[in-house]
Amino acid sequence: MSSPISIPTTSASPWLHPSKMTNKQAESLEAMRSCLICQLCDRRMTEPATLLACAHSFCHNCILDFTENSWICPVKGCGTPVTMKGGSRESIKKNHLISAVVSSVQNIEQIIATAPANWWIGQKDNDGQEGSNAAVQFDDQEEEVVDFQMMMDQEEEDD
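Residues numbered from 1 in each chain as written. Predicted model: local features only at pLDDT ≥ 70, side-chain atom pairs only at ≥ 80, totals over all residues. Heavy atoms only, no water.

Chemist: Give a detailed account of helix α3 (residues 96-114), specifying residues and quantitative values.
Modeler: End to end, α3 covers 27 Å across 19 residues, agreeing with the expected 27 Å (1.5 Å per residue, within 8%). Taken residue by residue, α3 has Ile98, Ala100, Val102, Ser104, Val105, Glu109 and Ile112 as its buried positions. N-cap assignment for α3: the residue whose side-chain oxygen lies 3.2 Å from the backbone N of Leu97 is Asn95. (Helix = DSSP H or I, 4+ residues; strand = E, 2+ residues; numbered from the N terminus. Expected span 1.5 Å × (residues − 1). Buried < 20%, exposed > 50% of the residue type's maximum accessible area, 1.4 Å probe, protein only. Polar contact = N/O pair within 3.5 Å; in protein donor to acceptor, adjacent residues only side chain to side chain.)

Below you can see the structure in the form of structure tokens.
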């Protein structure tokens, strides 16, 4: 059985209570969350946008504000020139795929926040065996499905 997380609860992330997920689950979620942080405002990206020259992503408003006075990517050590000072439409593109991942992580956090303590203990897998690796099914909850292909098609249409 996986042990519960040992990350302390903070006011910024009250859902990170040790009874809400295992260490591996917490590590995986934290790895996803860390990839979604804007390096300009140090918060989760809102309206993610990507610099086409180097593929670094930021909040759309953050990178537009930054490129008003700078010609280079703000990521330390990158130094890639932004095509045009002022963040032209050709050099910065909203990233619908990252936006979908941000939304999915928010959904996961909401589910974890409302999950019963130690929900993974005693669950049965597809073969009826009890164990901590069992897939949990919440029949009474509606699941949101993100269609990444549709989002990519929409992104191409927006070009």
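Chemist: Which residues make up the pairing of strand β1 (residues 48-51), and what are the values?
Modeler: Neither face of β1 is open: one carries Pro48 and Thr50, the other Ala49 and Leu51, and all of them are buried. Relative to strand β2 (residues 57-59), β1 runs antiparallel, the two sharing 3 bridges. Residue pairing in the sheet places Pro48 in a bridge with Cys59 of β2. (Pairing = 2+ DSSP bridges.)

Chemist: Quick one: what's the story with the pattern of salt bridges, residue by residue and with numbers?
Modeler: Following the criterion strictly, the structure yields 4 salt bridges and no others. Among the ionic pairs, Glu30 bridges to Arg33, the shortest N-O distance being 3.0 Å. One end of the pair, Glu30, and the other, Arg33, are both in helix α1 (residues 23-34), 3 residues apart, so they sit about a helical turn from each other. Residue Arg33 is classed as buried on the basis of its relative accessible area, which comes to 17%. In this structure, the salt-bridge partner of Lys94 is Glu47, at a minimum N-O distance of 2.7 Å. Of this pair, Lys94 sits in strand β3 (residues 92-94) while Glu47 sits in the loop between α1 and β1; the two residues are 47 residues apart in sequence, bridging distant segments of the chain. Through salt bridges with shared partners, a single network forms among Glu30, Arg33, Arg44 and Glu109. (Salt bridge = Lys/Arg side-chain N within 4 Å of Asp/Glu carboxyl O.)

Read these as layout, nothing more, since geometry by itself doesn't imply function.
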